[in-house]
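Chains, contacts and geometry: an overview
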Amino acid sequence: MRGVFAAMAIVMMLAIAGPAAASTPAGITSEEQTILKKKKAAALKAERKKAEQKQIAARKQAAVAAARKKTSDQRRLSRRECGDFLECVFGKPRSRIARTSSGGMSDYATSKVVAWDEAGKYAPGSIIVRTPERALYYVLGDGKARRYKVGVGREGFQWSGNSRIVAKQEWPTWRPPQQMIEREAVKGHMLPDVMEGGPENPLGARAMYIGGTIFRIHGTNNAASIGGAVSSGCIRMMNTDVIELYKLVNVGARVYVYQ
């Protein structure tokens, strides 16, 4: 009888332990099971992270493509609006200005002699540019100056300082600064490395170069721009005016620019 009870007890124990034994591979300890679970969890986490990175990369690619399309559209629109690179760079449709028999251009003069309270602060022959007034003063002495209407740097390109006129040139050649070439190239405007002097040249009939800067006092092929904030930092004048000033100004003359 005792043997029967013992056998029954063994059968019951096996029945109870059966499911657990079936779910556990033979020879795998509980510690090894824990390690396997951690590895599976780490692999799953890595897969999720990889999928997220792919989604982020796809979104970035889509954003870059959209930005390129927008830039391309803007360039096409800019070309349609500008017509050519000079109009794009200098902002407005160019005036039709022809040479006169005297070698100047058929624009008008703004020059006038004025009594100027500030004249006594500067030596005769000095040039003073008042950016807010859109005015250039050439000091004559005795409290007087010759006043010209000018175009000045547009917002972001205005500057102030003092220097001297270091060179003068008639019908100047235009060599756009490298930074201007690069800046306009981003907008889709291809500037030439060199443009010879003439009626279509944006420097106009005369140029006076300001030492220590890339800026000039020069004429224009766009009379309509005079009086505005339109340039990349240069001081623009009517060609009739700049021809007159060119005759008055000596190399070495002081130049003062105020914002």
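Residues numbered from 1 in each chain as written. Predicted model: local features only at pLDDT ≥ 70, side-chain atom pairs only at ≥ 80, totals over all residues. Heavy atoms only, no water.

1. Some words on the overall build of the chain
Filter applied, for reference: Where helices and strands are cited, they refer to DSSP runs of H or I of at least four residues and of E of at least two residues respectively, numbered from the N terminus. Any two residues whose heavy atoms approach within 4.5 Å at even a single point are treated as in contact. Areas reported here follow the Shrake-Rupley algorithm with a probe of radius 1.4 Å; residue values treat only the protein chains shown as occluding.
A count of helices and strands for the chain gives 5 helices and 10 strands. For the chain, long-range pairs separated by at least 24 residues make up 66% of all intrachain contacts whose partners lie at least 6 apart in sequence. Taken as a whole, the chain presents about 15700 Å² of accessible surface, with 56% of it coming from carbon and sulfur.

2. Here's the deal with the pattern of salt bridges
What counts, and what does not: The salt bridge definition used is simple: a Lys or Arg side-chain nitrogen within 4 Å of an Asp or Glu carboxyl oxygen. Buried, partly exposed and exposed residues are distinguished by accessible area as a fraction of the type maximum, computed with a 1.4 Å probe on protein chains only: under 20%, between the cut-offs, and over 50%, respectively.
According to the stated counting rule, one finds 4 salt bridges in the structure shown. Two residues, K121 and E118, come together in a salt bridge whose shortest N-O distance is 2.8 Å. As a salt-bridge pair, E244 and R146 come within 3.8 Å of each other at their nearest N and O atoms. On the criterion of sequence distance, the pair formed by E244 in helix α5 (residues 239-248) and R146 in strand β4 (residues 144-153) is long-range, its members being 98 residues apart. What makes R146 partly exposed here is its relative accessible area of 22%. Taken together, the shared-partner salt bridges connect E118, K121 and R130 into one network.

3. Thoughts on unusual backbone geometry
One non-glycine residue, R134, lies in positive phi territory at about 55 degrees. With respect to the helices and strands, R134 occurs in the loop between β2 (127-130) and β3 (135-141). In this model, W171 sits at a positive phi of 40 degrees, which is unusual for a non-glycine residue. Summarising the element assignment, W171 is placed in the loop between β5 (161-170) and α4 (178-186). The exposure class assigned to W171 is buried, which follows from its relative accessible area of 17%.

4. Digging into α4
Cut-off, in case you're wondering: Summarising the geometry, the arc corresponds to the directions from the helix axis toward the C-beta atoms.
Inspection of α4 places M180, I181 and E184 among the buried residues, and these make up the whole buried set. Along α4, the residues classed as buried sweep out an arc of 100 degrees about the axis, all on the same side. Facing away from the buried side of α4 by over 90 degrees, the exposed positions are Q179 and V186. In the segment just after α4, G188 is the residue with positive phi, at about 90 degrees.

5. Overview of the packing of aromatic side chains
As a reminder of what qualifies: For Phe, Tyr and Trp, where Trp contributes only its six-membered ring, two rings pair if their centres lie within 6.5 Å, and the inter-plane angle classes them as stacked under 30 degrees, edge-to-face over 60, or tilted in between.
One pass over the structure, following the stated rule, counts 4 aromatic pairs. Between W116 and Y137, the ring centres sit 4.1 Å apart and the planes meet at 0 degrees, which makes this aromatic pair stacked. Taken together, the residues W116 in the loop between β1 (112-115) and β2 and Y137 in strand β3 connect sequence positions 21 residues apart. Neither W116 nor Y137 differs from the other in exposure class; each is buried. Between Y122 and Y256, the aromatic rings sit 5.0 Å apart at their centres with planes inclined by 55 degrees, giving tilted as the arrangement. Placement of Y122 in the loop between β1 and β2 and of Y256 in strand β10 (residues 254-258) is noted, with a sequence separation of 134 residues between them.

6. Some points on the nonpolar core
The test is simple: Residues belong to one nonpolar core when they are buried, are Ala, Val, Leu, Ile, Met, Phe, Trp, Tyr or Cys, and are joined through side-chain atoms within 4.5 Å.
Of all hydrophobic cores here, the largest spans 26 residues; its most connected members are I127, L136, I165, I217 and L245. If you tally residues by element for this core, the top one is α5, at 4 residues. In contact with I165, other than residues within four places in its own chain, are I127, M208, Y209, I210, I217, V249, N250, V251, G252, A253 and V255. Listed in part, the 10 residues of the second largest apolar core include A119, Y137, V139 and A145.

7. Some thoughts on the pairing of β2
Here is the rule we go by: When DSSP finds two or more bridges between two strands, those strands count as paired.
Residues I127 and V129 of β2 are buried on one face, and the alternating residues I128 and R130, pointing to the opposite face, are buried as well. Alignment of β2 against β3, held across 4 bridges, turns out to be antiparallel. Among the inter-strand pairings, V129 is bridged to a residue of β3, identified as L136. In sequence, β2 turns back onto β3 through a hairpin of 4 residues, with R134 there showing a positive phi of about 55 degrees. Of the pairings in the sheet, the one linking β2 to β10 comprises 4 bridges and is parallel in character. Residue pairing in the sheet places I127 in a bridge with V255 of β10.

Purely geometric numbers; function is a separate question.
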